[in-house]
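# Overview (structure and organization)
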Amino acid sequence: MEDLKEMYFSQTALKTYLDCPYKFRNRYIDGLYWKYESEGIRRGSEFHLDMKRHYLGLAPSGANKDMVSQAVNFLPIEDGKQYLPEYTIKYNDNTVKLTVRYDLLVIGDNIEIYDWKTQKSKLSASKLKTDMQTRLYLYTMAAAGKKIKQDIRPSDISITYFDPSHPSSPVRIDYDPSRFEKDGIYISGLISRILTDGEFAPTEDRKKCAYCEYNRLCNGRPVSIESINGLGTGLSWDDVEEISF
Ligand code: SF4
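## Topic: the overall build of the chain
Tallying secondary structure elements over the chain gives nine helices and five strands in all. Along its sequence from the N terminus, the chain presents helices and strands in the succession α-α-α-α-β-β-β-α-α-β-β-α-α-α. Of all 245 residues assigned to the chain, the portion counted as buried reaches 29%. Restricting the contact set of the chain to residue pairs at least 6 apart, pairs at least 24 apart contribute 64%.

The following block contains the structure:
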């Protein structure tokens, strides 16, 4: 458990704890990390790589032409702005350690965060507004973004989610000082809860077990990629992460 104090918390780690503390324990403390490649993850990974190539000025692979062209039309490169694809920030303020991998940062007068989604369902603005990813990504940028742009304020930061399968429905969320303060309290409170959790109890909502890789361990039920890829889990490239210590 001492190791946990050295851990940089990602959005997936925080979401995993909120989902089921025991799942968090299996994955991040006991190291039972099941790395697998579903069709959704493979497709999302290829698309993210092509988007990275595009904003680095390299030729895309050609494998995801339609998706890439939708995204590129949505966000053309503008003179005078800086484009930073797949940019990782590790933030440590001596109370919380956070790690965030941004799909794309666009630096101009403001800092615009872009996140590529490859989901079956249309993006939901109301869900995304309160989602852990949104809160962590905006908070970390507001807390640590001075290294990227010196005079940055929370109100200069936004995050936009774009899914090339639903090009007319991007979701943009702006930030402000009041949300920054609330997110800071929420995130540090959650991390302190994790660091002092002596139990890591299994979730009481056992419906979640049907989509969990530890279903055999906890319930003696078989685990299949199909069930994990099943309805409602929304697994995508974003769920693939490094465990960050
Ligand atoms: S199978 Fe259920 S109880 Fe076990 S780790 Fe997964 S979600 Fe938690």
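Here the narrative resumes, following the displayed structure.
## Some details on unusual backbone geometry
The backbone of Glu-86 sits at a positive phi, close to 45°, despite the residue not being glycine. Inspection of the secondary structure assignment puts Glu-86 in strand β1 (residues 82–92). With a phi close to 50°, Phe-200 is a non-glycine residue in the positive phi region. Mapped onto the fold, Phe-200 is located in the loop between α7 (177–195) and α8 (215–219).

## Let's talk about the site of the ligand
Within the structure, the ligand sits among 13 residues, and Cys-20, Pro-202, Cys-209, Cys-212 and Cys-218 are positioned closest to it. In terms of residue class, the shell around the ligand is built from seven nonpolar, four polar and two charged.

## Examining the pairing of strand β3 (residues 111–116)
Counting buried positions over the six residues of β3 gives five, a clear majority of the element. Across four bridges, strand β2 (residues 97–107) lies against β3 in antiparallel orientation. By the bridge assignment for β3, Leu-105 is matched with Ile-113. Where β3 and strand β4 (residues 157–162) come together, six bridges link them in parallel fashion. By the bridge assignment, Ile-111 is partnered in β4 with Ile-157.

## So, the nonpolar core
Met-51, Ile-113, Leu-136, Tyr-137, Leu-138 and Met-141 are the most contacted members of the largest nonpolar core, which has 40 residues in total. When residues of this core are assigned to their parent elements, the largest contribution, seven residues, is made by helix α6 (residues 132–144). Those residues in contact with Met-141 that lie beyond four places of it in its chain are Ile-111, Ile-113 and Ile-157.

## Comments concerning the packing of helix α1 (residues 11–19) against helix α2 (residues 21–29)
Taken N-terminus to C-terminus, the directions of α1 and α2 make an angle of 135°; their axes are 5 Å apart at the nearest point. In this view, α1 runs oblique relative to α2, as classed from their interaxial angle. Seen from α1, the contacting residues are Ala-13, Thr-16, Tyr-17 and Asp-19; seen from α2, they are Pro-21, Lys-23, Phe-24, Arg-27 and Tyr-28.

## Here we look at the sheet that holds β3
Strand order in the open sheet formed by five strands is β1-β2-β3-β4-β5, and the pairing between neighbours is mixed. Because the sheet does not close on itself, it has two edges, and the strands there are β1 and β5 (171–174). Each strand of the sheet is rotated relative to its neighbour by a mean of 35°, with strand direction disregarded.

## Here's the deal with the confidence of the model for the chain
Of the residues in the chain, 89% have a pLDDT of 70 or more, and the chain-wide mean is 89. Scored below 50 in pLDDT, residues 230–237 makes 20 contacts in the model with residues more than four places away or belonging to other chains.

## Concerning the environment of Gln-82
Locating Gln-82 in the fold gives a position in strand β1. Considered as a pair, Gln-82 and Val-106 are 24 residues apart in the sequence and their alpha carbons are 5.6 Å apart.

Reading guide: rules and limits
- Residues numbered from 1 in each chain as written.
- Predicted model: local features only at pLDDT ≥ 70, side-chain atom pairs only at ≥ 80, totals over all residues.
- Helix = DSSP H or I, 4+ residues; strand = E, 2+ residues; numbered from the N terminus.
- Buried ≥ 20, exposed ≤ 12 C-beta atoms within 10 Å, placed from the backbone.
- Contact = placed C-beta atoms within 7 Å.
- Near = placed C-beta within 6 Å.
- Nonpolar A, V, L, I, M, F, W, Y, C, P; charged D, E, K, R; others polar.
- Pairing = 2+ DSSP bridges.
- Core = buried A, V, L, I, M, F, W, Y, C linked by C-beta atoms within 7 Å.
- Axes fitted to C-alpha atoms, helices over the stretch in contact; angles between N-to-C directions.
- Parallel < 35°, antiparallel > 145°, perpendicular 65-115°, else oblique.
- pLDDT = per-residue confidence, 0-100.

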